[in-house]
Amino acid sequence: NTNDVISVTQEVVMVAVKQFKNQQGQALASIYRESNQGMIMNVWSGDYVAPKYIESVMDYSFDEIQRKKLRCWICDISLIEGALEKASKTALRKFDKNLSNRFLQKFAFISRRSSSEGRVMLEQVIQEHGVQVKTFSTFNKAIQWLLVPDIDEEIWDQAPVLTF
């Protein structure tokens, strides 16, 4: 349902823009976008996601990033129950081919699984294209990393202290 909304904070509202289903009608991935903060999010579900569906979701996501000049991408794979190795190979080819754009700056995986060889390879390819990438166990941790700017400790140390 494209009327779904995930409210994170007052400033961040992820709006559902597209859902991908398999031939049996089961939802495989939902795409959310937050234009004010420049974010897109893929939430994957199910046991097995065929390469053709991965390609469709990624193509849609890359188009959105280009058209809307999005700078952050969240990929929630915490609900996928099956093996991710074939999916990783498909995603690897897509990332390597399509990531050379000047908009995307940060990419966050959400997963509770231990790191796999496929995910490590994906992270390396994403980083090779100049995009920061990290994996988080929760959505809130990922959002915090994506949206809170990194401030050097020295800047904090030099900041004036206000007392009232």
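Keep in mind that what you see is a predicted model, and the values were worked out from it rather than measured.

Our next topic: the overall build of the protein. Summing up its helical and strand segments, the protein has five helices and seven strands in all. Overall, the protein shows an N-to-C arrangement of helices and strands of β-β-β-β-α-β-α-β-α-β-α-α. Going through the 164 residues of the protein one by one, you find that 43% of them count as buried. Of all intrachain contacts in the protein linking residues separated by at least 6 positions in sequence, the fraction that spans at least 24 positions is 66%.

The next thing to look at is the pattern of salt bridges. Going through the model one piece at a time under the given rule, you end up with two salt bridges. We note a salt bridge from Glu64 to Arg33, for which the minimum N-O separation is 2.2 Å. Residue Glu64 is located in helix α1 (residues 51-68), and its partner Arg33 is located in strand β3 (residues 27-34); the two are separated by 31 residues in the primary sequence. Of the two residues examined, Glu64 and Arg33, each falls in the buried class.

Before going further, it helps to spend a moment on the pairing of β3. With seven of eight residues buried, β3 is to be regarded as a mostly interior element. Across six bridges, strand β2 (residues 13-21) lies against β3 in antiparallel orientation. Note that in β3 the partner of Val15 across the bridge is Arg33. Counted along the chain from β2 to the antiparallel partner β3, the turn is five residues long, and its residue Gly25 has a positive phi close to 85°. Across six bridges, the pairing between β3 and strand β4 (residues 39-46) is antiparallel. Note on β4: the bridge partner recorded for Ile31 is Asn42. In sequence, β3 turns back onto β4 through a hairpin of four residues, with Gly38 there showing a positive phi of about 70°.

Let us now look at the packing of aromatic side chains. This model, assessed by the stated rule, comprises eight aromatic pairs. Summarising the aromatic geometry, the rings of Phe107 and Phe109 are spaced 4.9 Å apart at their centres and angled 70° between planes, so their arrangement reads as edge-to-face. Here Phe107 and Phe109 have matching classes, each one buried. Three or more aromatic residues link up through ring pairs in this structure, and these residues are Phe62, Trp73, Phe95, Phe107 and Phe109. Sitting above the plane of the Phe20 ring, Lys18 keeps its charged end 5.3 Å from the centroid. Across the ring face of Trp145, the terminal group of Lys106 is positioned such that the distance to the ring centre comes to 4.8 Å.

For the protein, per-residue confidence averages 81 on the pLDDT scale, and 80% of positions sit at 70 or higher. Averaged pLDDT values over the elements of the protein bottom out at 54 in strand β1 (residues 5-7) and peak at 94 in strand β7 (residues 132-136).

With that settled, consider the nonpolar core. Among the nonpolar cores identified, the biggest contains 32 residues, and Trp44, Trp73, Phe95, Phe107, Phe109 and Ile126 are the most heavily contacted of them. At the level of secondary structure, the elements contributing two or more residues to this core comprise β3, β4, α1, β5 (72-80), α2 (85-98), β6 (106-110) and α3 (117-128). At six residues, α1 tops the list of elements feeding residues into this core. Once residues lying within four places of it in the same chain are set aside, the contact partners of Phe95 are Met58, Phe62, Trp73, Phe107, Leu122, Val125, Ile126 and His129. Formed by 17 residues, the second largest nonpolar core is a distinct cluster that contains Ala16, Val43, Cys72 and Ala142.

Criteria and thresholds
Residues numbered from 1 in each chain as written. Predicted model: local features only at pLDDT ≥ 70, side-chain atom pairs only at ≥ 80, totals over all residues. Heavy atoms only, no water. Helix = DSSP H or I, 4+ residues; strand = E, 2+ residues; numbered from the N terminus. Buried < 20%, exposed > 50% of the residue type's maximum accessible area, 1.4 Å probe, protein only. Contact = heavy atoms within 4.5 Å. Salt bridge = Lys/Arg side-chain N within 4 Å of Asp/Glu carboxyl O. Pairing = 2+ DSSP bridges. Phe/Tyr/Trp six-rings, centres within 6.5 Å; stacked < 30°, edge-to-face > 60°. Lys NZ or Arg CZ within 6 Å of the ring centre and 35° of its normal. pLDDT = per-residue confidence, 0-100. Core = buried A, V, L, I, M, F, W, Y, C linked by side-chain atoms within 4.5 Å.

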